[in-house]
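# Structural overview for review
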Amino acid sequence: MKKLFMLMLIVPLYFTSACSEKHVEQSVITAESTLTTLEVAALQYKNGELGITPKAEVVSEIEALDDDCYKALVAIRADAQNGKAISAVESTAATTALAALQAYLIKNNIIKN
């Protein structure tokens, strides 16, 4: 999970340096990979595969946070597909959403920091 944490630190750097089309594509791939990693851990929790009894309220909050991440990444993916640079607003939204999901998973001992 330390690698996951490092990805969370790297994602904002990719967003802010996304000047070329290739960098934009790499930013999107990095963000989507980070979300996928978080979603796998969340799904394992939801299915009781982590040795932790899932709580309905935790699962509900995870789903809400995941939805925020998804919406933020859809906006960034649309820009990447259209060859546009990622705006600071979109970058902040995606980074904040991913960080919030990660922090919630850490807080509930689903992943480790």
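Residues numbered from 1 in each chain as written. Predicted model: local features only at pLDDT ≥ 70, side-chain atom pairs only at ≥ 80, totals over all residues. Heavy atoms only, no water.

### Brief notes about the nonpolar core
Ranked by size, the top nonpolar core spans 25 residues in total, and within it I62, L101, L105 and I110 carry the most contacts. The greatest single-element share of this core, amounting to 9 residues, is contributed by helix α3 (residues 56-81). Not counting residues within four places of it along the chain, the set of residues in contact with L105 comprises L38, A42, I62, I110 and I111. (Core = buried A, V, L, I, M, F, W, Y, C linked by side-chain atoms within 4.5 Å. Buried < 20%, exposed > 50% of the residue type's maximum accessible area, 1.4 Å probe, protein only. Helix = DSSP H or I, 4+ residues; strand = E, 2+ residues; numbered from the N terminus. Contact = heavy atoms within 4.5 Å.)

### Topic: the environment of L105
Inspection of the secondary structure assignment puts L105 in helix α4 (residues 88-107). Between the alpha carbons of L105 and L38 there is a distance of 8.0 Å; along the sequence they are 67 residues apart.

### Observations regarding the confidence of the model for the protein
For the protein, mean pLDDT is 83; residues scoring 70 or higher make up 79% of the total. A low-confidence stretch, residues 1-10 stays under pLDDT 50, and its non-local contacts, those more than four residues away or across chains, total 15 contacts. Every residue in residues 13-19 scores below 50 in pLDDT, and together they form 15 contacts with partners more than four places removed in sequence or on other chains. (pLDDT = per-residue confidence, 0-100.)

### Things to note about α3
When the terminal C-alpha atoms of α3 are compared, their 37 Å separation across 26 residues agrees well with the 38 Å that a helix rising 1.5 Å per residue should span. Turning to α3, its buried residues number three or more, namely V58, V59, I62, L65, C69, A72, L73, I76, D79 and A80. Positive backbone phi, at 70°, marks G83, one or two positions downstream of α3. (Expected span 1.5 Å × (residues − 1).)

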